[in-house]
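Here is how the chains run, residue by residue.
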Amino acid sequence: MNTQKLLSYLRQCIQQYNMIENGDRIAVGLSGGKDSMTLLYGMKHLQRFYPNPFDLIAIYVDLGIPVSNNAVVSEKILSEYCKELDVPFYTVHTDIYQITFEERKEKNPCSLCAKMRKGALNDKALELNCNKIAYAHHKDDFIETSLMSLLFEGHYYCFPPVTRLDRTGLTVIRPMLYIDEIEVTGFAKRHKLPVITNPCPADGVTKRQEVKEFIEKSATQFPDIRKNLNSALLNYFKE
């Protein structure tokens, strides 16, 4: 996937779900992974010609993971990346790792971690006068989330492309709905984005990873599984 194709995907999704309006101030949640790095790159390039002018900033939530020098290195890499893109960069330092893994010793830490991380991101976005937050969920994330809901909770649900947070007044947008994860991976490599390895001890051993592997195995018997799950998801959003 080249830059032109990335911008085409983003623009299609943003216009389809009316994600950006005149004067929006949008915070991109920047984790350092391939997804958020690609989203920030695309949003910055889109900003230059999108008909509705908007401001753009990046926020990094440091989880406080006790890996030697990890936070310092990550923050420096992300700060330099944002400087190259001419995007204001901010860091929020937290004790999320300590609370989740050391104090509460969560067996399934992802849910609590995600909730606390979103809370920290929302608070910083409000402090910086943002009215919208952009998450880097791609097509596979949407598919996996809908299947996780079905398998583990017994009902069909997925986070929508646009979510209004009534408590804060913020709006969450997810402009990468139309982009496959494999395309994001290729884009990050092609453009040599400074992707940071995830230091979280739960990375790769989550329920999401189990569902990802389930879909991959199922595709050998049902080649259209991703296509059909995505179609069902898009119809769900329409309804």
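Up top you'll find the structure we're talking about.
(A) Quick peek at the sheet that holds strand β5 (residues 162–164). The 6 strands lie next to each other as β3-β2-β1-β4-β6-β5, forming an open sheet whose pairing is mixed. The open sheet has two edge strands, β3 (89–93) and β5, and neither has a second partner. Neighbouring strand axes in the sheet, compared pairwise and without regard to direction, differ in orientation by 25° on average. Across 6 bridges, the pairing between strand β1 (residues 24–29) and strand β2 (residues 54–62) is parallel. The residue bridging I26 from the neighbouring strand is L56, located in β2. With respect to the sheet, helix α2 (residues 34–47) is in contact with β1, β2 and β4 (132–134), its orientation differing from that of β2 by roughly 165°. In this fold helix α5 (residues 110–127) packs onto β1, β2, β3 and β4, with an angle of close to 140° to the strand it touches most, β2.

(B) Expanded view of the nonpolar core. In terms of nonpolar packing, the biggest core is built from 46 residues, with I20 and L40 touching the most fellow members. Of all the secondary structure elements, the ones that give two or more residues to this core are α1 (3–16), β1, α2, β2, α3 (70–85), α7 (181–190) and α9 (225–238). I20 has contacts with I14, I26, M43, Y50, N52, F54, K132 and I173, leaving out every residue within four places of it along the chain. Judged by nonpolar contacts, the second largest core, of 19 residues, contains I57, C113, L121 and L128.

The rules behind these values
- Position numbers for residues start from 1 in each chain and track the written sequence from start to end.
- Only residues with pLDDT of at least 70 are given local features in this predicted model, and only at 80 or more are side-chain atom pairs given and counted; all residues enter the totals for whole chains, interfaces and linings.
- Excluded from the side-chain calculation are hydrogens and water; included are all heavy atoms of the structure.
- At least two bridges found by DSSP between two strands is the condition for calling them paired.
- Strands here mean DSSP runs of E at least two residues long; helices mean DSSP runs of H or I at least four residues long; both are numbered from the N terminus.
- Axis lines are fitted to C-alpha atoms, over the contacting stretch for helices. Their N-to-C directions set the angle, which ranges from 0 to 180 degrees.
- Whether two residues are in contact is decided by their heavy atoms, any of which lying within 4.5 Å being enough.
- Here, nonpolar core means buried Ala, Val, Leu, Ile, Met, Phe, Trp, Tyr and Cys residues that are tied together by side-chain atoms lying within 4.5 Å of each other.
- Note on classification: 1.4 Å probe, protein chains only; a residue is buried when its accessible area is under 20% of the maximum for its type, exposed when over 50%, partly exposed between these limits.

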